[in-house]
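This is what each chain is made of:
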Amino acid sequence: HVAGERLTLGVEAPFDVPKRRALSHDELLARIREELARAERTLRPASLLLIRLSRQDSIRFHEIAAAALREGDLFAANAPNEALVFLPDTAEREAALVILRLMERNSIKATIGVAHFPSHGSDRDSLLFAARAALVEALEGGRTLAVAKPVEMDEKARWLSIDPLLGEALDR
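Residues numbered from 1 in each chain as written. Predicted model: local features only at pLDDT ≥ 70, side-chain atom pairs only at ≥ 80, totals over all residues. Heavy atoms only, no water.

## A few points about the environment of Pro88
- Relative to the helices and strands, Pro88 resides in strand E3 (residues 82-88).
- Counting along the chain gives 41 residues from Pro88 to Ser47, while the straight-line C-alpha distance between them is 6.5 Å.
- For Pro88, the contacting residues outside a window of four places in its chain are Glu35, Arg38, Pro45, Ala46, Arg70, Gly72 and Asp73. (Helix = DSSP H or I, 4+ residues; strand = E, 2+ residues; numbered from the N terminus. Contact = heavy atoms within 4.5 Å.)

## A word on the nonpolar core
- Membership of the largest hydrophobic core comes to 24 residues, with the highest contact counts inside it found for Leu28, Leu36, Leu48 and Phe86.
- The set of elements that each furnish at least two residues to this core consists of helix H1 (25-42), strand E1 (46-53), strand E2 (74-79), E3, strand E4 (110-117) and helix H4 (124-141).
- Membership of the second largest hydrophobic core comes to 22 residues, among which are Leu69, Phe75, Ile112 and Leu145. (Core = buried A, V, L, I, M, F, W, Y, C linked by side-chain atoms within 4.5 Å. Buried < 20%, exposed > 50% of the residue type's maximum accessible area, 1.4 Å probe, protein only.)

## Quick look at the side chain of His116
- Relative to the helices and strands, His116 resides in strand E4.
- Side-chain polar atoms of His116 contact the side chain of Ser119, separated by 2.9 Å.
- If sequence neighbours within four positions are ignored, His116 has contacts with Pro45, Ala46, Ser47, Thr90, Ala91, Glu92, Gly121 and Leu127. (Polar contact = N/O pair within 3.5 Å; in protein donor to acceptor, adjacent residues only side chain to side chain.)

And the structure:
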């Protein structure tokens, strides 16, 4: 090795890391099912967040989430003004802090419903129901965030979780 010369091992050119992107709704639902099976096997927590955004913020949210969330965290659009975020290995309190910090740092106004595996549901659909119920509770209470109540939900939340566009229609 001569002074001033550069020794290169392996590939000299930098790797192009693909940019993270929001998953499609179907991709997200499939991945949530996989992640919940892993969480159940390893006895690890997981949190699902349903986020109601303004139209302007819904456009920015996915770009911000791609840059700010951890590798392995999942996100997708749920409706034109809603996003779903799934945080593996994350308890409900930590999930709430992560998403509130993300919203605050990026000046995003949102209402958030949080559901936690396993206390608010043991499968994807029950977590979606619980997150929807928490979102409805936050919206009706004029709060930024609500955490789901253990397991039971009311009929209104069940219908809203089946059809996210119904929630948008009710907002009008």
